[in-house]
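Letter by letter, the chains look like this.
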Amino acid sequence: MPHRLSLSEMAAQLRARRLSPGELLEAHLDQIERVNPALNAFVAVLVEESRAAARRAEQRLMRGETCGPLEGVPVTVKDSFDLAGYPTLCGSRLRLGHRAPADAVAMARLKAAGAVIVGKTNCPELLMNYETDNF
């Protein structure tokens, strides 16, 4: 169950070529598909975008390029971080029309490290509570 590995274990498995970025991503996407309808954890799953990023990571790893510490590792981000071209709702319907014009610094750093952004996860409305029961 590769989706149960820690981040550092995933990165080590990828560097050792015991797992491919595509295999690792698909394990995560399968788990999301199975459990998200009940959990409502994701507000957006970036299936095609993450598959394309995993393919690029796999090519870099296979060519032996110097890669970032998270090369090919699937990650999720809270919906409070801007991801260029995607909505950033911050758990609020008041922000339904918002589209991020650029990546937040944290997103840019994750991408630069080679992470594969799988999706955006739900958060409390306007980040003002400890529990998420919206959307």
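Residues numbered from 1 in each chain as written. Predicted model: local features only at pLDDT ≥ 70, side-chain atom pairs only at ≥ 80, totals over all residues. Heavy atoms only, no water.

Chemist: Please set out the overall build of the protein residue by residue, giving values where relevant.
Modeler: If you tally the helices and strands in the protein, you get 4 helices and 3 strands. When the helices and strands of the protein are placed in sequence order, the string is α-α-β-α-β-α-β. For 135 residues, the compact-globule estimate of 2.2 N^0.38 gives 14 Å, and the C-alpha radius of gyration of the protein, at 15 Å, lies within 12% of that figure. For the protein, the spread of C-alpha atoms along the principal axes amounts to about 45 × 30 × 25 Å. Within the protein, the fraction of its 135 residues that count as buried is 39%. Pairs at least 24 residues apart make up 66% of the contacts formed inside the protein by residues separated by at least 6 positions. If you sum the accessible surface of the protein, you get close to 7,800 Å²; carbon and sulfur atoms cover 55% of it. Averaging the coordinates of the 17 positive side-chain charges in the protein and doing the same for the 16 negative ones gives two points 4 Å apart. (Helix = DSSP H or I, 4+ residues; strand = E, 2+ residues; numbered from the N terminus. Rg over C-alpha atoms; globule rule 2.2 N^0.38 Å. Buried < 20%, exposed > 50% of the residue type's maximum accessible area, 1.4 Å probe, protein only. Contact = heavy atoms within 4.5 Å. Areas by Shrake-Rupley, 256 points an atom, 1.4 Å probe, with all protein chains shown as cover. Lys, Arg positive; Asp, Glu negative; His and termini not counted. Charge placed at Lys NZ, Arg CZ, Asp CG, Glu CD.)

Chemist: Explain the environment of Glu49 to me, and be specific about the residues and the numbers.
Modeler: On the secondary structure map, Glu49 appears in helix α3 (residues 47-62). The exposure class assigned to Glu49 is partly exposed, which follows from its relative accessible area of 37%. Note: C-alpha distance between Glu49 and Leu29 (20 residues apart in sequence) is 12 Å. In this structure the side chain of Glu49 is engaged in a polar contact, spanning 2.4 Å, whose partner is the side chain of Tyr86. (Polar contact = N/O pair within 3.5 Å; in protein donor to acceptor, adjacent residues only side chain to side chain.)

Chemist: Tell me what's going on with the environment of Ala100, and back it up with residues and numbers.
Modeler: Structurally, the position occupied by Ala100 is in the loop between β2 (74-78) and α4 (105-112). Considering only alpha carbons, one finds Ala100 and Leu89, 11 residues apart in sequence, at a separation of 9.8 Å. Ignoring anything within four residues of it in the chain, the contact list for Ala100 reads Asp82, Leu83, Ala84, Gly85, Tyr86 and Thr88.

Chemist: Quick rundown of the pairing of β2? Include the residues and the values.
Modeler: Of the pairings in the sheet, the one linking β2 to strand β3 (residues 116-121) comprises 5 bridges and is parallel in character. In the strand pairing of β3, Lys78 is matched with Thr121. With respect to chirality, the unit in which β2 leads through α4 into the neighbouring parallel β3 is right-handed. (Pairing = 2+ DSSP bridges. Right-handed = clockwise from strand over helix to strand, strands pointing away.)

Chemist: Which residues make up the nonpolar core, and what are the values?
Modeler: Membership of the largest hydrophobic core comes to 17 residues, with the highest contact counts inside it found for Leu14, Val73 and Ile117. Contributions of two or more residues to this core are made by α1 (7-15) and β2. Of all the elements, α1 adds the most residues to this core, at 3 residues. Apart from residues lying up to four places away in sequence, Leu14 is in contact with Leu19, Ser20, Pro21, Leu24, Leu61, Glu71, Gly72 and Val73. The next biggest cluster of nonpolar side chains, apart from the first, holds 8 residues, and it includes Leu25, Ala53, Ala54 and Val118. (Core = buried A, V, L, I, M, F, W, Y, C linked by side-chain atoms within 4.5 Å.)

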